Each structure stands twice: as structure tokens, then as C-alpha cells.
Amino acid sequence: MALRQRNDTISNSNKVLIQLFKNPNDVYFELITSLESELESDTQKFATDSWFPGYSWSIAKCPKCGTHIGWSYHALAGTIDSATSHVTTFFGLILDKIMHEDEVNNLIAMPKTYAS
């Protein structure tokens, strides 16, 4: 269960749900959830200490640099009522680790330098 939740505007999307969670080490994370992501998920899944009952979790990382960006969540067999939820997999993205579209558009790309 989230300790707190709020709606905010992110990348021109109104009412994005942002939830605050605390892990067993007393570290707080603000997450947004997404059904799709290009992150790489670890193969090891954990059912303990899941912030979303009925789902196991695994670390989700940036495919280019390997930075921990969030978690992927996977429905546990027999725990999700298919009549109420068809979501079998989703991502929890750490708000402080993702860039908003307006930030990306303001990045300055430096040309690659080639040694001869």
C-alpha cells in the first residue's frame, strides 16, 4: 500500500498518479506506474515485500547503462482475479530517475569525436 498518493502533470499528461512507498530499509520512493517500458527486467522475481499485493517484483534497469530505474511487477498465479484486473505485468518507475519530455528536448547533444 502506498503511504501517500497524488496526481500531477507529467509530459502534458494530466492526472498522473504518483505514489510514495517505503522499502524495508526505510528508503522512500515516489513511483509512477506504466504498462509499457523499454527497461530490462532481472530474471529473478521476489514475492516478499511487494508494494502491490498479488504481484512479484524484479529490478528494472536502463538497457544502455544498467542504472536501476524501477521495478517490473508480475501477477502471481492464482492471486489476480481476471474479472477485475487483466494486468499481468506493469512497471513502477522511480520518479527521480526518469526524465520528463521537456527535459529531454532541452538536452544538448555533443557530436562524437573520432580518433584517427
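Given the structure is predicted, the values throughout are model-derived calculations rather than measurements. (Residues numbered from 1 in each chain as written. Predicted model: local features only at pLDDT ≥ 70, side-chain atom pairs only at ≥ 80, totals over all residues. Heavy atoms only, no water.)

Draft legend 1. Main features of unusual backbone geometry. The phi dihedral of aspartate 26 is positive, around 65°, even though this residue is not glycine. Positive phi outside glycine occurs at aspartate 49, with the angle close to 60°. Structurally, aspartate 49 is set in the loop between strand 4 (40-41) and strand 5 (55-61). For aspartate 49, a relative accessible area of 53% puts it in the exposed group. (Helix = DSSP H or I, 4+ residues; strand = E, 2+ residues; numbered from the N terminus. Buried < 20%, exposed > 50% of the residue type's maximum accessible area, 1.4 Å probe, protein only.)

Draft legend 2. Fine view of the pattern of salt bridges. One pass over the structure, following the stated rule, counts 4 salt bridges. Of the charged contacts, one joins aspartate 42 and lysine 61 as a salt bridge, the two residues approaching to 3.9 Å between their closest N and O atoms. Of this pair, aspartate 42 sits in the loop between strand 4 and strand 5 while lysine 61 is found in strand 5, placing the two residues 19 residues apart along the sequence. Exposure remark for aspartate 42: the relative accessible area of 31% places this residue in the partly exposed category. Overlapping salt bridges bring together Arg6, Asp8 and Glu30 as one network. (Salt bridge = Lys/Arg side-chain N within 4 Å of Asp/Glu carboxyl O.)

Draft legend 3. A look at the pairing of strand 5. With 5 of 7 residues buried, strand 5 is to be regarded as a mostly interior element. As judged from the 2 bridges shared by strand 4 and strand 5, these two strands associate in the antiparallel manner. Across the sheet, residue serine 41 finds its bridge partner in strand 5, namely alanine 60. Alignment of strand 5 against strand 6 (residues 68-75), held across 7 bridges, turns out to be antiparallel. Across the sheet, serine 58 pairs through a bridge with serine 72, a residue of strand 6. With antiparallel pairing between neighbouring strands as the criterion, strand 5 and strand 6 make up a hairpin whose turn holds 6 residues, including glycine 66 at a positive phi of roughly 80°. (Pairing = 2+ DSSP bridges.)

Draft legend 4. Seen up close, the layout of surface pockets. One number sums up the size of the second largest pocket: a volume of about 160 Å³. Taken together, Asn23, Pro24, Phe29, Asp49, Ser50, Trp51, Trp57, Trp71 and Tyr73 make up the full set of residues lining the second largest pocket. Across the lining of the second largest pocket, the residue classes tally to 6 nonpolar, 2 polar and 1 charged. (1 Å grid on protein atoms, 1.4 Å probe; cavity = no way out; pocket = protein on both sides within 12 Å on 5 of 7 lines; lining within 4 Å. Points joined across faces, edges and corners; volume = space filled by probe spheres on them. Nonpolar A, V, L, I, M, F, W, Y, C, P; charged D, E, K, R; others polar.)

Draft legend 5. The arrangement of the packing of aromatic side chains in detail. Applying the stated rule across the entire model yields 10 aromatic pairs. Here the aromatic rings of phenylalanine 52 and tyrosine 73 are separated by 4.8 Å at their centres, their planes lie at 75°, and the arrangement is edge-to-face. With phenylalanine 52 in the loop between strand 4 and strand 5 and tyrosine 73 in strand 6, the pair connects residues that are 21 residues apart, well separated along the chain. In this structure, phenylalanine 52 and tyrosine 73 share a single accessibility class: buried. Among the aromatic residues, those joined into a cluster by ring pairs are Phe21, Phe29, Trp51, Phe52, Tyr55, Trp71, Tyr73 and Phe90. (Phe/Tyr/Trp six-rings, centres within 6.5 Å; stacked < 30°, edge-to-face > 60°.)

These results come straight from atomic positions and should not be treated as a statement about function.
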